Amino acid sequence: MISSEPVRMKENRVNDFTVQIATINGSGSQSANQILVRTLFRMGIPVGGKNLFPSNIQGLPTWFTIRAHPEGFVGRKNEQDIVITLNPSTALSDQKFVSSNGLFLYNSECALPSHKMRSDIISISIPFRQLSQEATESVKARKLLQNMIYVGLIAQILQLKWEVLEQTVRDQLGNKAELIQSNLKAITIGLNWAKQNLPSEFLNKFTAKEVPEGNDQYVLIDGNTTAALGLIYGGCTFASWYPITPSSSVMENLAGFSQKWRKDKAGHSTLAIIQAEDELAAVAMALGAGWTGARAVTATSGPGLSLMAETAGLAYYAEIPLVIWEVQRAGPSTGLPTRTQQSDVLFAAKLSHGDSKHILLFPSNPEEHFSFGQVAFDLAETLQTLVIVMSDLDLGMNFHRSKKWPYPTQPYARGKVLSADELTLRGKFERYSDVDNDGRTYRTLPGTEHPLAAYFTRGTGHDEQSRYSEDPEVYRTNLDRLNKKWENAKKWVPQPQISQTHDTDSAILCYGSTDIIINEVLNLLAQQNLKMNSICLKSYPFPRSVEEFISQHQTIYVVEQNRDAQMKTLLTEEYPQYTTRFKSILCYDGWPITAHFVTQNIFPKKGI
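Our subject in this report is the structure included herewith. (Residues numbered from 1 in each chain as written. Predicted model: local features only at pLDDT ≥ 70, side-chain atom pairs only at ≥ 80, totals over all residues. Heavy atoms only, no water.)

1. Examining helix α6 (residues 177–197)
Working step 1: Helix length check: α6 (21 residues) gives 30 Å between terminal C-alpha atoms against 30 Å at 1.5 Å per residue, within 8%.
Working step 2: Taken residue by residue, α6 has I180, N183, L184, A186, I187, I189, G190, L191, W193 and A194 as its buried positions.
Working step 3: Looking at the packing, one finds that the buried side of α6 touches β7 (122–126), α3 (128–135), α4 (139–158), α5 (162–173) and α7 (200–203). (Helix = DSSP H or I, 4+ residues; strand = E, 2+ residues; numbered from the N terminus. Expected span 1.5 Å × (residues − 1). Buried < 20%, exposed > 50% of the residue type's maximum accessible area, 1.4 Å probe, protein only. Contact = heavy atoms within 4.5 Å.)

In structure tokens form, the structure reads like this:
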């Protein structure tokens, strides 16, 4: 049923639309949603998809958003052009997501009162149950096929290319011929219903037009999958973990990829993966493996990172290579396990008691999730320390359009590891002696056949020879050396991504997933004659280029997804002379940040 007072149609928008689908968690909608996103991507259209789901197993509301834009602006938007809701419990409130003049398609069983329907949108009741009965005689299958019916509705509304849609269905469902046919039938039913019942001007409101070779240089993938690939190609030989949302799929994918790419000629695995009894055991196992010379990693999220604090301090003080891949979620405490945030930055930077400082890496797209696999291991071994990669749920679990990356050719950086021959030439080995005066000491690996190779690894006070010591001067000297190594790390960590094309004293600073919407932000600001430069941080400690960029701008808008301005805190601590230049823009509701949110926070500060 179309609303009694239909709003005036706008002109057709090509490859520029947002779609939100509201269902119930556990209803099987994820497969349908992936088919839609992948079809659009295969048509060459810049597109992204975000799944907003509850932390229970099933029964509560879930939303999937799809955004396409010719210029690649695929971050989340607050308002959606098309909203489809099958969930009676959220149908009425789902209207709030619809943009003015947008399309609202709802399950006829939702029984929405007419006096509560918005008059500025086009509302249509869809008989999903009736249509599913036409699709199959199986009562059990009808509920699942309702998802494919809305795929058909959207296919007709957006004019998706049938050949691409059909092949996507076949690829996703594999060799299950009967399942493929039933799903294609349901899609066709939805498509035909839309064709027969929706006004022609409705069907021409938004269009997905194929862009030949539009995505040939891109992939559509989530960060956790590319992280697993990056760890494989980065030389990982040991991984230990305990399941925790949203990081579990990093290790699940790592295990899957290792079966294909980490076997020797005899078929034996060259990558050991252990599911530990808890996070504390997982990080301790990885630390032990790092001490033996393995490229070792564990993956976790905020609550798990809390349990790893003491071991993190041991890695720092005993100087053992270790990588923690952290996929952040909303906290504190157990928090919101299926919502995104950047709220572990301060905690991770100084994880553990005492004077600890840890290398942090901030990937902002799938390509960097891949490349930082090797970068993290290289830094951990070069600096003999803990490196924490700071991803988050939005980056890790959602679909992102990313440029294809080249096959890695850079050799692994193993750092200062002495062989038996080198020990013979030196005639002396002191594990914690700063021979080169750069804060980095030499190490040997267990099994090195030389009388000088053996040493104790101490997390307690120790001198240059790794002997136990509580001498105040020895302790202070050791901490000072560690700090020297930290300062020198600024030469080794990844450089920020800087866009400095305008003669302006204002800039935006972002990191991680906030980078997804920055190009759109800059575009919206330019429409208001506000031209800004931008910098996307990739690491902590901050390289020298960060200070140089900050010094050239009077106002730096620090965009981050947490309440307490955690990155701004680190920047202020590092550059106290520029404290007044930093202005925070903070999003911390658990949903991915939007470009609109950022611009609406900048405009008042600029008097707009």
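2. Brief notes about helix α19 (residues 544–551)
Working step 1: Residues of α19 that are buried: S545, V546, F549 and I550. Projection of α19 onto a plane perpendicular to its axis shows the buried side chains occupying an angular sector of 135°, all on one side.
Working step 2: For α19, the elements touching its buried residues are β17 (497–499), β18 (506–511), β19 (533–537), β21 (555–560), α20 (566–574) and β22 (582–586). (Arc of directions from axis to C-beta.)

3. Some remarks on the pairing of strand β13 (residues 322–328)
Working step 1: Burial analysis of β13 places 7 of its 7 residues in the buried class, the great majority of the element.
Working step 2: In this structure, strand β12 (residues 296–300) lies alongside β13, joined through 4 bridges in parallel fashion. Its bridge partner being in β13, T298 is matched across the sheet by I324.
Working step 3: Relative to strand β15 (residues 386–392), β13 runs parallel, the two sharing 7 bridges. Directly across from V327, in β15, lies its bridge partner S391. (Pairing = 2+ DSSP bridges.)

4. Quick notes on the packing of aromatic side chains
Working step 1: Applying the stated criterion to the full structure yields 15 aromatic pairs.
Working step 2: Pairing W486 with Y540 gives two aromatic rings, centres 5.2 Å apart and planes at 65°, and the pair type is edge-to-face. In this pair, W486 is assigned in helix α17 (residues 472–488) and Y540 in strand β20 (residues 539–540), connecting sequence segments 54 residues apart.
Working step 3: For Y540, a relative accessible area of 3% gives the class buried.
Working step 4: Within the aromatic cluster, the residues linked to one another by ring pairs are Y233, F257, W261, F370, W405 and Y407.
Working step 5: Lying across the ring of Y412, R295 places its NZ or CZ 4.7 Å from the centre.
Working step 6: Over the aromatic face of Y442 sits the side chain of R426, whose NZ or CZ is 4.2 Å from the ring centroid. (Phe/Tyr/Trp six-rings, centres within 6.5 Å; stacked < 30°, edge-to-face > 60°. Lys NZ or Arg CZ within 6 Å of the ring centre and 35° of its normal.)

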